[in-house]
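Chain by chain, the residues run as shown.
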Amino acid sequence: MSTVIELIEAGAKRLEEAGVAFGHGTANAFDEAAWLVLWRLKLPLDDIDAVADKAVSPADAGKVAALLDERIATRKPAAYLTKEAWLQGVPFYVDERAIVPRSFVAELIADGSIDYWLGEHTQRVLDLCTGNGSLAILAAMTYPDIRVDAADLSAEALEVAAINVTRHQLDARIRLVESDGLASLPGPYDLVLCNPPYVNSASMAALPAEYRAEPELALAGGADGMDFVRQLFADAPSRMSEEAVLVLEIGNEREYFEAAFPQVEVVWLETSAGEDQVLLVTRAALLAGAGVR
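Residues numbered from 1 in each chain as written. Predicted model: local features only at pLDDT ≥ 70, side-chain atom pairs only at ≥ 80, totals over all residues. Heavy atoms only, no water.

> What is the right way to look at the overall build of the protein chain in this model?
On a plain count of helices and strands, the protein chain comes out with 13 helices and 11 strands. Taken against the 2.2 N^0.38 rule, which gives 19 Å for 293 residues, the C-alpha radius of gyration of the protein chain at 20 Å falls within 12% of a compact globule. If you line up the protein chain on its principal axes, its C-alpha atoms span 65 × 40 × 30 Å. In the protein chain, 69% of the contacts between residues at least 6 apart in sequence involve partners at least 24 apart. Accessible surface, the protein chain as shown: approximately 13,200 Å² in total, 50% of it carbon and sulfur. Where the 23 positive side-chain charges of the protein chain centre and where its 46 negative ones centre are 6 Å apart. (Helix = DSSP H or I, 4+ residues; strand = E, 2+ residues; numbered from the N terminus. Rg over C-alpha atoms; globule rule 2.2 N^0.38 Å. Contact = heavy atoms within 4.5 Å. Areas by Shrake-Rupley, 256 points an atom, 1.4 Å probe, with all protein chains shown as cover. Lys, Arg positive; Asp, Glu negative; His and termini not counted. Charge placed at Lys NZ, Arg CZ, Asp CG, Glu CD.)

> What should I look at first to understand the side chain of Asp127 in this one?
Here Asp127 is to be found in strand β5 (residues 124–128). It is Arg173 that comes nearest to the buried, bridge-free Asp127 among opposite-charge side chains, at 13 Å. Non-local contacts of Asp127, meaning those with residues more than four positions away in its chain, are made with Leu135, Ala136, Val148, Asp149, Ala150, Ala151 and Leu193. (Buried < 20%, exposed > 50% of the residue type's maximum accessible area, 1.4 Å probe, protein only. Salt bridge = Lys/Arg side-chain N within 4 Å of Asp/Glu carboxyl O.)

> What should I look at first to understand the environment of Ala161 in this one?
Along the polypeptide, Ala161 turns up in helix α8 (residues 155–167). Judged by relative accessible area, Ala161 falls into the buried class, the value being 0%. Residues Ala161 and Leu246, 85 residues apart in the sequence, show an inter-C-alpha distance of 21 Å.

Rendered as structure tokens:
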């Protein structure tokens, strides 16, 4: 019989040879294989060492092989196969109706990086482009006195978010809203979190199949990736309270962002991916830079 670690190592080799893409919760073949093997065997996902030498029956090994086959054949992110993803150690349900949660904004909520700009005035929070609701839920968990609107253009994504809001017993504090940008969100909000569609068209065309398995609506940001952000910056000041701030993820598009908004003063926030993925902008800065292109 095989052991758990042998199945993981063999699975990692298969994933590497198949050339699958990572980035939806794992960054390499070993971690992806570990996730799939441990999940299929119904073992704890957070302590490989404790189960590494555990023997696996041929029948269960066959189930593992079938799951790896599916991962390779479909190129679906592992999260869509397991129906679960994690941010900051918190589990979330996910399926093809919503993007796999992986926002670096989650780090900034957890480590207090944005707390300097918050205070007793921070009562109403908006998570725009909420997807499966993960950022809204993490914010509600971190700041127990706030109320959150979690909004998305996709009614299907909001169905997934509703599962997670209920799962984490936050129905009384998180309101789900279907909205095209800020159109159905009058505010005012004291904090806006947004991980919008920001991938530029050239990058969209080159995305691996794993990313194309996600809703295009959640990724595609137009020629320079800034289409959604342009409308957001135009509309946001009227939805923000006087001391409000907007925390915005723009991925690898800083060059395009700075070309589109040269007059807007922002603060770049450090994440595990560097200082060019997430920015913070105040309402005052948005108003001052209102002449942006």
